[in-house]
Structure formats: C-alpha cells, structure tokens
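Residue-level listing of the chains:
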Amino acid sequence: MTTTLVSVLLVLFAVPWWTLVMSGTQWPALVVALGTAGFAITLVALPVTLALSHGRHQLDWAGMIGDSILGIVWVLFSWSVIGTIARLVLAFVGVADPVRSRSVAIAVVLVTVVLLIWGNREAMRIPRVKQVEVTLPRLGQGLDGTRVVAVTDTHFGPIDRTKWSLGVAAAVNELRPDIVAHVGDIADGPVAKRRGQAVPLATMDAGLAKVYVTGNHEYLGEAQGWLDYMDSIGWKTLHNDHIVVERGGDRLVLAGVDDATAKSAGLSGHGANFEDAMTGVDPELPVLMLAHQPKQVAESAAAGVDLQIAGHTHGGQIWPFNFLVRLDQPTVHGLSRHGDRTQLYTSRGSGFWGPPFRIFAPSEITVITLRSA
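Cut-offs and rules
Residues numbered from 1 in each chain as written. Predicted model: local features only at pLDDT ≥ 70, side-chain atom pairs only at ≥ 80, totals over all residues. Heavy atoms only, no water. Helix = DSSP H or I, 4+ residues; strand = E, 2+ residues; numbered from the N terminus. Rg over C-alpha atoms; globule rule 2.2 N^0.38 Å. Buried < 20%, exposed > 50% of the residue type's maximum accessible area, 1.4 Å probe, protein only. Contact = heavy atoms within 4.5 Å. UniProt positions renumbered as here; feature names shortened; annotations may be inferred. Axes fitted to C-alpha atoms, helices over the stretch in contact; angles between N-to-C directions. Left-handed = near helix turned anticlockwise from the far one by under 90°. Nonpolar A, V, L, I, M, F, W, Y, C, P; charged D, E, K, R; others polar. 1 Å grid on protein atoms, 1.4 Å probe; cavity = no way out; pocket = protein on both sides within 12 Å on 5 of 7 lines; lining within 4 Å. Points joined across faces, edges and corners; volume = space filled by probe spheres on them. Patch = residues over 30% accessible without salt bridge, like charges linked within 9 Å, V, L, I, M, F, W, Y side chains within 5 Å. Areas by Shrake-Rupley, 256 points an atom, 1.4 Å probe, with all protein chains shown as cover. Salt bridge = Lys/Arg side-chain N within 4 Å of Asp/Glu carboxyl O.

## A word on the overall build of the protein chain
Part 1 of the reasoning: Helix and strand content of the protein chain: ten helices and twelve strands.
Part 2 of the reasoning: What you see for the protein chain is a C-alpha radius of gyration of 23 Å, in line with the 21 Å of a compact globule of 373 residues.
Part 3 of the reasoning: The principal-axis extents of the C-alpha atoms in the protein chain amount to approximately 75 × 45 × 40 Å.
Part 4 of the reasoning: Taken across its 373 residues, the protein chain has 50% of its residues classed as buried.
Part 5 of the reasoning: A sequence separation of at least 24 residues applies to 74% of the contacts in the protein chain between residues at least 6 apart.

Written out as structure tokens, the structure reads:
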C-alpha cells in the first residue's frame, strides 16, 4: 500500500514538473531550479500536511493547505497530460521547440489557474437546485407529487462554512419539501469539532419527515456521535431502520441503511443491513431507500426497493476524476434503472470533500418529485 501511494504521488508531481519545467522548454537555468524546488517542496508538504490534518492532531490549518495542494496538483496533472498530447500535435504540424513546449507549458498554467478560480467559486457557492421527476408505479395517488429534497455530502471540515450551511438550510426550506433526506457524509471530524457548521441542519423543515443515514466519512470519525446528534436536533436516523409516511390515505416506506464501509469500521451494531431495515415492511407498499453509496443498489434491488437515493460520488468533483469513480460505482450522477423495479438517483452532493474545488461537477440540492403511475 505504501509503495502504491508513493508511486501515485510521484507520478502526480512528475508529469506536470516535466511538462512545465523540463521537456523541450529550454527555460533559463534559474527558472528550472526554482520550478524544480517548488515542485519538490510541495511534494513533501502534501503528505506532511495531510498527515497532520487527518492523524492524531487533526490540525485544520494543515488540512486547508494539504487539501488545496492536492486539488491544484490534480488539475495540473490532468491538463499536463492533455498538454503532452497537444505537444505531439504541434510537433506533427511542424512547430519546433522551444516554442512548442513553452506554448504548451504556458497554456497548461493559464488553464489551471482559470479552472481553479472558477472551481473554488463553484465549491463555495450555495448549490443549484436540481429538479427530477421519478415515477413509482406502486405509489398511491394520494402521494403523487410528493417532494423529496435530498442533501448529501456536506462534508463540514477545516474551512468554516457555517454561513454556507445557513444558506443551504434556507434554500431547502424555500422549496417547501414534504421529505428532507440527508444521505450521509455530514462532516469530516467529530461532532464536538464540526457542530457549529452542522447546527443549521436543525432549522430545515419538512411536512412529513426529515431522515438521515450515515456515509463512509462518519465511519472515519464518529458515526454514533453523528447519529445521536441528528436525533437530538429532530431528524429521524434510519440506522438500518424504516418509517412509514402517509398522505391522502396512501403510504410510503422510508428506509435507510448504514454505509457500505460501516461493518469494516468495527463499531458494534453498525453495518449495512437491508434485512433489518425492511423488517415488518408491508410488501405491497412502495419503498424509498437511503443508502450513501450507489453500489448499494444491488442490495436495494434484491430487497424490492422502488427508489434508492445515494450520494458519495460528488459527480467526480474535479474532472476527470469522474472516470476513476466510475470504476468503483455503477453510476456517477443522475437517474438510472436497476432490474425491473428499482431506480437509483445519484446526487453530485451539496458540498465538497478535501480540495475546495468543483470542476465540471456542480453541487446540487435535489428535488425529487414522486409521481404515481
């Protein structure tokens, strides 16, 4: 594992270093020395700051630095790869070095700077509202038009986003939801450290229910603490559990399971259990399942769920990471069908994890309007 991580880290830095500093750019010796020193310093700073932020010390200032470096180097790496292709094209049409390589290096830097500025604004803004209609053939006419507002992956962390959190709560309440669902990954850190940013969740309102399930990041910190906290501020925690809501004489099951990683966390009583979540459910009733990871849809389908709402993927968050996410998950974003009955909606998430950037993967507050056949 260590060898793999070190290898990935070296590649992430080596490709942009070669593209911007070396290759055929023929920069003056001072430029090469300063550029190489800059890459070397950040190469060392990245693991050090991430260790300080995620280890025993949990230093938020280190997290902000490390997360930012990670995002910057990923964008530089991605566009350096594209720049390498551009260099080959320019060579084919007869553009010689150093003009060819210098032009590519400057273009990569300019594109990276523009994308990072834009991506930071996208990450820090109040999410756009995404409207989706989903037809559930088993849904009764009395529940037709039920509005489920989904918020997920808020990831309250080293950057204090209390103001952002207040804005998200206000945006949710303006939508006048029947059901509000938080589909996991509330925060990176324990309740005691992130409570201030999470407090606005208490102000969210819904006509029928407010429900919450854990994500994988709760199991990196304090899962039971977040379950207890959400209970204390008026949310129903679906810890392998369900409730039934009713309107117009028709009923809908709201079920939820722990994240797919919960069992490996070693916490007593934690672990995704669809059987427990569905115990006692009337098999004739439609079921809306909250499960943080899209890949849990296989178990949702086996359990006869009508619609699963998931998050986790962030839509890739920083392009082209979405292609890597797709290797682990059946879908990255949007509505999909799995089997004869089960549909899955995967949200891009409302916040961001780690690097404070969203590039070609906008955040969202999702309004899912349920329709009967």
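## Section: the UniProt feature "domain: Calcineurin-like phosphoesterase" (unreviewed entry) in the protein chain
Part 1 of the reasoning: The UniProt record annotates "domain: Calcineurin-like phosphoesterase" (unreviewed entry) at residues 147-315.
Part 2 of the reasoning: Secondary structure within residues 147-315 divides into 25% helix and 22% strand; the distance between the first and last C-alpha atoms comes to 23 Å.

## Thoughts on the packing of helix H3 (residues 60-92) against helix H4 (residues 99-124)
When two helices pack together, their arrangement is given by the angle between the helix axes and the distance between those axes.
Part 1 of the reasoning: Where H3 meets H4, the axes come as close as 9 Å, and the angle between the chain directions of the two elements is 145 degrees. Where H3 crosses over H4, the two elements pack in a sense that is right-handed. Listed contacts from H4 to Gly71, Ile72, Val75, Leu76, Trp79, Ser80, Gly83, Ala86, Arg87, Leu90 and Ala91 of H3 are Arg100, Ser101, Val104, Val108, Val111, Thr112, Leu115 and Leu116.
Part 2 of the reasoning: Of the residues assigned to the contact of H3 with H4, the class counts are twelve nonpolar, five polar and two charged.

## Quick look at empty space enclosed by the protein
Part 1 of the reasoning: Counted according to the given criterion, the structure contains one cavity of 30 Å³ or more.
Part 2 of the reasoning: Estimated volume of the largest cavity: approximately 40 Å³.
Part 3 of the reasoning: Forming the walls of the largest cavity are Thr154, Phe156, Trp164, Ser165, Val168, Ala169, Pro200, Leu201 and Met204.
Part 4 of the reasoning: Residues that form the lining of the largest cavity fall into these classes: seven nonpolar, two polar and no charged.

## Let's talk about a nonpolar patch on the surface
Part 1 of the reasoning: Together, Val81, Ile85, Val89, Phe92 and Val93 make up an exposed nonpolar region whose accessible area comes to about 530 Å².
Part 2 of the reasoning: Following the sequence through the fold, Phe92 ends up in helix H3.

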